[in-house]
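# A look at the structure
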Amino acid sequence: MKKAVSILVLIIAMTSCNSEKKHNPIEGTWRLISAETTEKDSTFSTFNSKTKMIKIINETHFAFFNHDLNNGKDSTNAVFFGGGGKYTLKDSTYTEYLEFFNNRQWENNKFEFTVKVKNDTLIQKGIEKIEKLGVDRIITEKYVREK
């Protein structure tokens, strides 16, 4: 009996040590390489090659930052914005809960996207809708993983 209990304890200990955390393919730092928006019947590029945008995704939160590549020296073209919050990922459904943003009217909104990761590319597509601001559009963003 003692031997059976010892074996059972050993099996439980070994299986608990082998439980690996499931890899989340969207975790990492991503750089925006293309973006397009569809409003009503029009689709247009919203990617600005004069700025750099990154998105950082960890186990529980996301954050994004965008700034001009001229280091803010030209005040007419100086750009900086950033935001973040919590997110959930279930299969390919990625939902952002925007808690922080420099345009405060966007805060406390939920945005649902479909995500796909292929090699070092993340594609995110979904609807941005904020009734009080009149925002209702489909966005598609493509990111490459930063090394």
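Residue numbers run consecutively from 1 along every chain, following the written order of its sequence. At least 70 in pLDDT is required for a residue's local features to be given in this predicted model, at least 80 for side-chain atom pairs to be given and counted, and no such filter applies to totals for whole chains, interfaces and linings, which use all residues. Hydrogens and waters are ignored; side-chain quantities use all the structure's heavy atoms.

### Concerning the pairing of strand 9 (residues 135-145)
- Only strands joined by at least two bridges in the DSSP assignment are considered to pair. For helices the rule is a DSSP run of H or I covering at least 4 residues; for strands it is a run of E covering at least 2, with both sets numbered from the N terminus onward. Strand direction decides the pairing type here: strand 1 (residues 28-39) and strand 9, joined by eight bridges, are antiparallel. Along strand 9, the bridge assignment pairs Thr 37 with Ile 139.
- Inspection of the sheet shows strand 8 (residues 121-130) paired to strand 9 by 10 bridges, in the antiparallel sense. For Leu 122, the partnering residue across the bridge sits in strand 9 and is Tyr 143.
- Hairpin connection, strand 8 to strand 9: the antiparallel pair is bridged by four residues, and Gly 134 has positive phi, about 75°.

### Considerations on the packing of aromatic side chains
- Centres within 6.5 Å make a pair out of two Phe, Tyr or Trp rings, where for Trp the six-membered ring is used; the pair is then stacked when the planes are under 30 degrees apart, edge-to-face when over 60, and tilted otherwise. Tallied over the entire structure, the rule returns eight aromatic pairs.
- Ring geometry for Phe 64 against Phe 81: centres 6.5 Å apart, planes inclined by 70°, an arrangement best described as edge-to-face. Taken together, the positions of Phe 64 in strand 4 (residues 61-68) and Phe 81 in strand 5 (residues 80-90) put the pair 17 residues apart, joining distant regions of the chain.
- Taking the centre distance of 5.7 Å and the plane angle of 50° together, the rings of Phe 64 and Phe 101 count as tilted. Residue Phe 64 is located in strand 4, and its partner Phe 101 is located in strand 6 (residues 93-101); the two are separated by 37 residues in the primary sequence.
- For every residue, the accessible area (1.4 Å probe, protein chains only) is compared with the maximum for its type, and the residue is labelled buried under 20%, exposed over 50%, or partly exposed between those bounds. Owing to a relative accessible area of 16%, Phe 101 belongs among the buried residues under this scheme.
- Taken together through their ring pairs, the aromatic side chains of Phe 62, Phe 64, Phe 81, Phe 101, Trp 106 and Phe 111 make up a single cluster.

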